[in-house]
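The lines below spell out each chain.
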Amino acid sequence: MESLVVEVVRSGFVESRHRARLLAVAADGSVVRAHGAVDALVSPRSSLKPLQALGMLRSGLDLEGEALALACASHAGEPFHTDGVRKILAGVGLDETALRCPAALPEDAETARAVLRSGGDAAPIHMNCSGKHAAMLATCVVNGWPTATYRDPAHPLQRAIRATVEELTGERVAATGVDGCGAPLFFVSMVGVVRAFRALVLAAPGTPERRIADAMRAHPEWTSGTLRPEAALMRAVPGLLVKAGAEAFDAFALDDGRAGAVKIEDGGQRARVPVTVAALRALGVTAAELDGLAAAPVFGGGEPVGEVRIAEG
């Protein structure tokens, strides 16, 4: 299957091109649209966070609502995000010194400026994965597992998470790497990721799977950020669950089982959302709010002079 082509148009000229893998399936799981090697191994990065959080719930983690959404988050480091991380940690008698994710400044630009103006600096709690790491630590405390080594692939926590990923994707994890936050990273196929996201939204209410989906959909700003496109997508489309990952990966599912995944081959984030919108439209999603996300603007001199768009044909 040929990859989908995304064009970067500046002042009327195609300046660059990205190639994308795309898989979109109907409510019954049948393929509606596919581009590229969707059966090949891929690194979903943070798109697997809902499955990691599911493994934690199954291991005794007790979070609901905003806190559970934060456990699935690649957050922007806004004050409500870091406050939520502290609350998760405090709930099990820990503080931010227990976090083993790298130090970072908030990804939200205004929040980062505020941190620096106040004399603050990069810290693990600002890192976009700190919600997941706080939830991992809380799961360890609940089970009496070591907290200092919770990122180790051989740790009981990570073994439980891997088993959950394999169950929901329907695949054996082909390889384990290290994510940007230091936690284990699992390689599966886009087909497996789509299968897993369908399992989350189609699960019965009150099950751990459905609790994950419902928390993320009810609190999209907690899974990403106030200004993030993932939050905008979930606000625009009722019942949509979407989770982005580094190197331009997206996975999503609708409440009736329609689902999809997107991977931009060169990791170009600017192409990710337009391709995700194309996948949603292929599945019949017609929300007017998607129009503003279907093509990302290209700027020149501070003004829009082009766009990132799906190539015609």
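Definitions and cut-offs
Residues numbered from 1 in each chain as written. Predicted model: local features only at pLDDT ≥ 70, side-chain atom pairs only at ≥ 80, totals over all residues. Heavy atoms only, no water. Helix = DSSP H or I, 4+ residues; strand = E, 2+ residues; numbered from the N terminus. Buried < 20%, exposed > 50% of the residue type's maximum accessible area, 1.4 Å probe, protein only. Axes fitted to C-alpha atoms, helices over the stretch in contact; angles between N-to-C directions. Parallel < 35°, antiparallel > 145°, perpendicular 65-115°, else oblique. Left-handed = near helix turned anticlockwise from the far one by under 90°. Contact = heavy atoms within 4.5 Å. Nonpolar A, V, L, I, M, F, W, Y, C, P; charged D, E, K, R; others polar. Core = buried A, V, L, I, M, F, W, Y, C linked by side-chain atoms within 4.5 Å. Pairing = 2+ DSSP bridges. 1 Å grid on protein atoms, 1.4 Å probe; cavity = no way out; pocket = protein on both sides within 12 Å on 5 of 7 lines; lining within 4 Å. Points joined across faces, edges and corners; volume = space filled by probe spheres on them. Polar contact = N/O pair within 3.5 Å; in protein donor to acceptor, adjacent residues only side chain to side chain.

Caption draft 1: Fine view of unusual backbone geometry. Unusually for a residue other than glycine, Ser11 sits at a positive phi of about 55 degrees. By the element assignment, Ser11 lies in the loop between strand S1 (4-10) and strand S2 (13-25). Phi at Glu247 is positive, roughly 60 degrees, even though this residue is not glycine. You can see Glu247 is positioned in the loop between strand S7 (241-245) and strand S8 (249-253). The class for Glu247 is partly exposed, based on a relative accessible area of 43%.

Caption draft 2: How the structure looks around helix H1 (residues 49-58). The buried fraction of H1 is high, at 9 of 10 residues. For H1, the set of buried residues is Lys49, Pro50, Leu51, Gln52, Ala53, Leu54, Gly55, Met56 and Leu57. In the segment just after H1, Gly60 is the residue with positive phi, at about 110 degrees.

Caption draft 3: Region of interest: the packing of helix H10 (residues 229-236) against helix H11 (residues 272-282). Between H10 and H11, the shortest axis-to-axis distance is 11 Å and the interhelical angle comes to 20 degrees. Considering the angle they form, H10 stands roughly parallel to H11. Pair H10 / H11 crosses with right-handed handedness. Where H10 approaches H11, its residues Pro229, Glu230 and Leu233 are matched on the opposing element by Arg272, Val273, Thr276, Val277 and Leu280. In terms of residue class, the contact of H10 with H11 is made up of 5 nonpolar, 1 polar and 2 charged.

Caption draft 4: Spotlight on the nonpolar core. In this structure, Leu99, Val165 and Ile212 are the most contacted members of the largest nonpolar core, which totals 62 residues. When residues in this core are grouped by element, the largest group, 7 residues, is from helix H7 (residues 190-202). Non-local contacts of Leu99, meaning those with residues more than four positions away in its chain, are made with Val85, Leu89, Pro124, Ile125, Ser130, His133, Ala134, Leu137 and Tyr150. The next biggest cluster of nonpolar side chains, apart from the first, holds 32 residues, and it includes Val262, Ala279, Ala294 and Ala296.

Caption draft 5: Structural context of the pairing of S7. A large share of S7 lies buried, amounting to 5 of its 5 residues. Burial of the side chains of S7 extends over both faces: Leu241, Lys243 and Gly245 are buried on one face and Val242 and Ala244 on the other. Both S7 and S8 contribute to a ladder of 5 bridges, which runs antiparallel. Residue pairing in the sheet places Leu241 in a bridge with Ala253 of S8. The turn joining S7 and S8, which pair antiparallel and follow one another in sequence, is formed by 3 residues; a positive phi near 60 degrees is taken by Glu247.

Caption draft 6: Quick peek at the sheet that holds strand S4 (residues 41-42). Here 3 strands make up an open sheet; going across it, the order is S4-S6-S5 and the pairing antiparallel. Strand pairing shows two members of the sheet lacking a second neighbour, S4 and strand S5 (175-178), which therefore form its edges. Most of the contacts of H7 go to strand S6 (residues 184-189), to which it runs at about 100 degrees, and overall it touches S4 and S6.

Caption draft 7: Empty space enclosed by the protein, seen in detail. Tallying each qualifying case throughout the model produces 1 cavity of 30 Å³ or more. Estimates place the volume of the largest cavity at around 30 Å³. The greatest single-element share of the lining of the largest cavity, amounting to 3 residues, is contributed by S6.

Caption draft 8: Summary view of H10. Where H10 is concerned, the buried positions are Glu230, Ala231, Leu233, Met234 and Ala236. Elements that come into contact with the buried residues of H10 comprise helix H8 (208-218), helix H9 (220-223), S7 and H11.

Caption draft 9: Just the side chain of Ser189, in detail. You can see Ser189 is positioned in strand S6. A relative accessible area of 5% places Ser189 in the buried class. Separated by 2.4 Å, the side chains of Ser189 and Glu171 make a polar contact. When near neighbours in sequence (up to four residues on either side) are disregarded, Ser189 contacts Val38, Asp39, Ala40, Val42 and Glu171.

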